[in-house]
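Descriptive structure summary
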Amino acid sequence: MLSIALTKGRVEEQVIPLFERCGIDCEPLRNKKRKLVINLGDNLKVILVKGGDVLTYLNNGVVDIGIVGSDILDEQQNTGYELLDLQTGRCQFILASLAGYDMNEPRRHTIGTKYPNITKRYFAGRGKDVEIIKIEGSVELAPLIGLADAIVDITETGTTLRENNLQIFDKLSPISTRLVANPLALKQKRSEIFDLVDRLKAARQSDDFK
Ligand code: PRP
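In this report, the structure presented in the accompanying data block is examined. Please read all numbers here as calculations on a predicted model, not as lab measurements.

The subject of this paragraph is the sheet that holds strand β3 (residues 44-49). One open sheet accounts for 6 strands, arranged β2-β3-β1-β4-β11-β5; its pairing is mixed. The sheet is open, and its two borders are formed by β2 (37-40) and β5 (82-85), each paired with just one other strand. Within this sheet the neighbouring strands show an average axis-to-axis angle of 25 degrees, counted without direction. Packing of helix α1 (residues 10-21) onto the sheet brings it into contact with β1 (2-7), β2, β3, β4 (65-69) and β11 (177-181), and relative to β1 it is tilted by some 135 degrees. Where helix α9 (residues 190-205) meets the sheet, its contacts fall on β1, β4, β5 and β11, and the angle it forms with β5 comes to roughly 20 degrees.

See the structure below:
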């Protein structure tokens, strides 16, 4: 039995069809209601967690593998355990603000974000010292109500930016969903883990999963 910490929400929704292409019956996951621990057949136990907690479960040895966005791995500066890019959950980091924003205006800019480490690294790489305001969600509000000059956030469809009259001023890096493994599990359950990785690779590459 392999235990998986799966990021609930968008990551979960996009990973379910990939699992199904591997022949894993995901009905218990699709019909989970408020359940947080879900068995898929006799071989997989899924626990549903917030993305930021996946590595906590992994590092404490209570799950064997995790499924999490690379945005979170980058923010937590922990990409060491990565086994596979599932190529789902594709989106990207962007710098956005209202029209007329000038990131080169010589003053200390204020940036709202859920990703302070990524933001710090991005501006440090450009020799800019910015004030970072950590926001937990609805980051797009910050420039609209004057909390920040601009935001560093993720965009998938672009709808949230568009509907809030925000423009992209720079594209940082692409993001996708990754499969990570606990190093001990990788030793103890190597064949089970690599069997799943191989099936996911095959499902990911099949023509009708694009
Ligand atoms: C994310 C992100 C943007 C939005 C972008 O937020 O922070 O707000 O999705 O997606 P789009 O380009 O498809 O519109 P999420 O929905 O995770 O919720 P949050 O605002 O509570 O963080």
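Having seen it, we continue.
Both strand β7 (residues 110-113) and strand β8 (residues 131-134) contribute to a ladder of 4 bridges, which runs parallel. Counted as the bridge partner of Thr110 is Glu131 from β8. Remark: the β7/helix α5 (residues 116-124)/β8 crossover connection has right-handed handedness.

Our focus in this paragraph is the pattern of salt bridges. Tallying each qualifying case throughout the model produces 12 salt bridges. Between Arg178 and Asp85 there is a salt bridge; the shortest N-O distance is 3.7 Å. In this pair, Arg178 sits in strand β11 while Asp85 sits in strand β5, placing the two residues 93 residues apart along the sequence. Judged by its relative accessible area of 15%, Arg178 falls in the buried class. Between Asp149 and Arg107 there is a salt bridge, with the nearest N and O atoms lying 3.2 Å from each other.

This next bit is on the environment of Ala202. Structurally, the position occupied by Ala202 is in helix α9. The exposure class assigned to Ala202 is partly exposed, which follows from its relative accessible area of 47%. For Ala202 and Val11, which are 191 residues apart along the polypeptide, the C-alpha to C-alpha distance reads 19 Å.

Okay, the sheet that holds β7 next. An order of β8-β7-β9-β6-β10 is seen for the 5 strands of this open sheet, with the pairing classed as mixed. Edge positions in the open sheet fall to β8 and β10 (166-175), since each of these has one partner strand only. On average, adjacent strands in this sheet sit at an angle of 25 degrees to one another, irrespective of strand direction. Note: strand β6 (residues 91-98) against strand β9 (residues 150-155), 5 bridges, orientation antiparallel. Across the sheet, Ala96 pairs through a bridge with Ile151, a residue of β9.

Position of Ser70 among the secondary structure elements: in helix α4 (residues 70-75). Those residues in contact with Ser70 that sit more than four places away from it in its chain are Pro174, Ile175, Ser176 and Arg178.

What follows concerns the site of the ligand. Near the ligand there are 13 residues, and of these Lys114, Glu140, Thr157, Gly158 and Thr160 occur at the shortest range. Contacts to the ligand include Thr155, whose side-chain N or O atom sits 3.0 Å from an oxygen atom. For the ligand, an oxygen atom lies 2.8 Å from a polar atom in the backbone of Gly158. Burial of the ligand by the protein amounts to 73% of the accessible area it has alone, namely 500 Å². Those elements that provide at least two residues to the shell around the ligand are β9 and α7 (159-163). At 3 residues, β9 tops the list of elements feeding residues into the shell around the ligand.

A few words on the nonpolar core. Counting residues in each nonpolar core, the largest one holds 30 residues, and the members touching the most others are Phe19, Leu29, Leu40, Ile67 and Leu200. Among the secondary structure elements, those contributing two or more residues to this core are β1, α1, β2, β3, β4, β11, α8 (183-188) and α9. Here Phe19 is in contact with Ile4, Ile24, Cys26, Leu40, Leu44, Ile67 and Leu200, once residues within four sequence places are set aside. Counting 14 residues, the second largest nonpolar core, distinct from the first, contains Tyr101, Met103, Tyr115 and Ile175.

Each value, and the rule that gives it
Residues numbered from 1 in each chain as written. Predicted model: local features only at pLDDT ≥ 70, side-chain atom pairs only at ≥ 80, totals over all residues. Heavy atoms only, no water. Pairing = 2+ DSSP bridges. Helix = DSSP H or I, 4+ residues; strand = E, 2+ residues; numbered from the N terminus. Axes fitted to C-alpha atoms, helices over the stretch in contact; angles between N-to-C directions. Contact = heavy atoms within 4.5 Å. Right-handed = clockwise from strand over helix to strand, strands pointing away. Salt bridge = Lys/Arg side-chain N within 4 Å of Asp/Glu carboxyl O. Buried < 20%, exposed > 50% of the residue type's maximum accessible area, 1.4 Å probe, protein only. Near = heavy atom within 4 Å. Polar contact = N/O pair within 3.5 Å; in protein donor to acceptor, adjacent residues only side chain to side chain. Areas by Shrake-Rupley, 256 points an atom, 1.4 Å probe, with all protein chains shown as cover. Core = buried A, V, L, I, M, F, W, Y, C linked by side-chain atoms within 4.5 Å.

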